[in-house]
Amino acid sequence: MEENRIDFAKWLRVLMYIAIAGLVNTFIVIPSFVPSVITSWISRILMAVMVFAMFKLATANDRYKKAGIQRAIVLALTIATNLLHSGAILTLISGALAIVADYQEYHGHSELIEENDHQLSGKWTSLFMWSIVVGLLLGFTSTAAGMFAAMAGIDTMKATIMIAAILAIPQYVIEIIYILYLKKMVTIFEGGNDGLEIQ
């Protein structure tokens, strides 16, 4: 059992590093320091590693396997969409699958840690709900802002990007909380105590 705990900690740590790398990748996209084609491929590589980590965690909870399969499909759809240079339907399917994969992953974390930390287990399910709320709010507000900008004669693209960047802040906060929760799980499974009090 102790061997399993260390193994779980290792792959949870991999997920944590992927999330950190994803944040960095996002921040270098915004100011366009790096060509978007490079950051896009970085995102795909990170997702591929995440899929591998999910399958490694599948021995702990079957939800990780489901999340891994769903993320693999999302990755394939993303690549297909880019190669076809179109595909609104593929993008829609990919987005829906990504939400389902998040559901499986977050609830997998919740169930995995429940026996060790009931409070943290509950926080994982709450974090998923907040991620959905923020995502829907971002999508709705960006669309509404784009429509308003068009009616007001403002550059629609610039207005939408500016508002999306502002509204993306809550998403970054959720991502940081996600990283902190993973760090807490890693510490628990490694048998330590990092002293973090995560609200």
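A. Broad picture of the overall build of the chain. Summing up its helical and strand segments, the chain has seven helices and zero strands in all. Helices and strands appear in the chain in the N-to-C order α-α-α-α-α-α-α. Taking all 199 residues of the chain together, 36% fall into the buried category. When contacts within the chain are restricted to residue pairs at least 6 apart in sequence, long-range pairs at least 24 apart make up 67% of them.

B. Spatial organisation of the packing of aromatic side chains. In the structure shown here, the tally under the stated rule is eight aromatic pairs. Where Y106 meets W124, the ring centres are 5.5 Å apart and the plane angle is 85 degrees; that geometry is what we call edge-to-face. Here Y106 is found in helix 4 (residues 88-113), whereas its partner W124 is found in helix 5 (residues 118-152), with 18 residues between them in sequence. Grouping residues by exposure puts Y106 and W124 together as buried. Relative to Y181, the ring of W124 has its centre 5.4 Å away and its plane inclined at 75 degrees; by these criteria the two rings are edge-to-face. Of this pair, W124 sits in helix 5 while Y181 sits in helix 7 (residues 169-189), and the two are 57 residues apart along the sequence. Across the pair, Y181 and W124 agree in class, each one buried. Above the ring of W41, the side-chain terminus of R44 is found at 4.3 Å from the ring centroid.

C. Highlighting helix 7. If you check helix 7, its first and last C-alpha atoms are 31 Å apart, about what 21 residues at 1.5 Å a residue would give, namely 30 Å. Two residues or fewer after helix 7 comes G191, characterised by a positive phi angle close to 85 degrees.

D. Highlighting the nonpolar core. One finds L12, L15, W124, Y178, M185 and F189 to be the most contacted residues of the largest nonpolar core, which totals 35 residues. For this core, the leading source of residues is helix 7, giving ten residues. With sequence-adjacent residues up to four places away left out, L12 is seen in contact with L57, Y64, H109, L112, L182, M185, V186 and F189.

E. Quick look at the environment of E190. Relative to the elements of secondary structure, E190 occurs in the segment after helix 7. On a C-alpha basis, the gap between E190 and K10 in space is 8.9 Å, while along the polypeptide they are 180 residues apart. If we skip the residues at most four places from it in the chain, E190 touches I6, A9 and R13. Among the polar contacts made by the side chain of E190, one reaches the side chain of R13 at a distance of 2.9 Å.

F. A look at the confidence of the model for the chain. Scored by pLDDT, the chain comes out at a mean of 82, with 73% of its residues at no less than 70. Confidence, read as mean pLDDT per element, is least for helix 6 (residues 156-167) in the chain (64) and greatest for helix 7 (93). Within the model, pLDDT remains below 50 along residues 193-199, and this stretch shows 14 contacts once partners closer than five positions in the same chain are excluded.

G. Broad picture of the layout of surface pockets. Here the largest pocket is characterised by a volume of approximately 1,800 Å³. In this structure, the largest pocket is lined by 40 residues; those nearest its centre are M47, A98, D102, Q171 and E175. In terms of residue count, helix 4 provides more of the lining of the largest pocket than any other element does, ten residues in total. Tallied by class, the residues present in the lining of the largest pocket amount to 22 nonpolar, 13 polar and five charged.

Thresholds applied
Residues numbered from 1 in each chain as written. Predicted model: local features only at pLDDT ≥ 70, side-chain atom pairs only at ≥ 80, totals over all residues. Heavy atoms only, no water. Helix = DSSP H or I, 4+ residues; strand = E, 2+ residues; numbered from the N terminus. Buried < 20%, exposed > 50% of the residue type's maximum accessible area, 1.4 Å probe, protein only. Contact = heavy atoms within 4.5 Å. Phe/Tyr/Trp six-rings, centres within 6.5 Å; stacked < 30°, edge-to-face > 60°. Lys NZ or Arg CZ within 6 Å of the ring centre and 35° of its normal. Expected span 1.5 Å × (residues − 1). Core = buried A, V, L, I, M, F, W, Y, C linked by side-chain atoms within 4.5 Å. Polar contact = N/O pair within 3.5 Å; in protein donor to acceptor, adjacent residues only side chain to side chain. pLDDT = per-residue confidence, 0-100. 1 Å grid on protein atoms, 1.4 Å probe; cavity = no way out; pocket = protein on both sides within 12 Å on 5 of 7 lines; lining within 4 Å. Points joined across faces, edges and corners; volume = space filled by probe spheres on them. Nonpolar A, V, L, I, M, F, W, Y, C, P; charged D, E, K, R; others polar.

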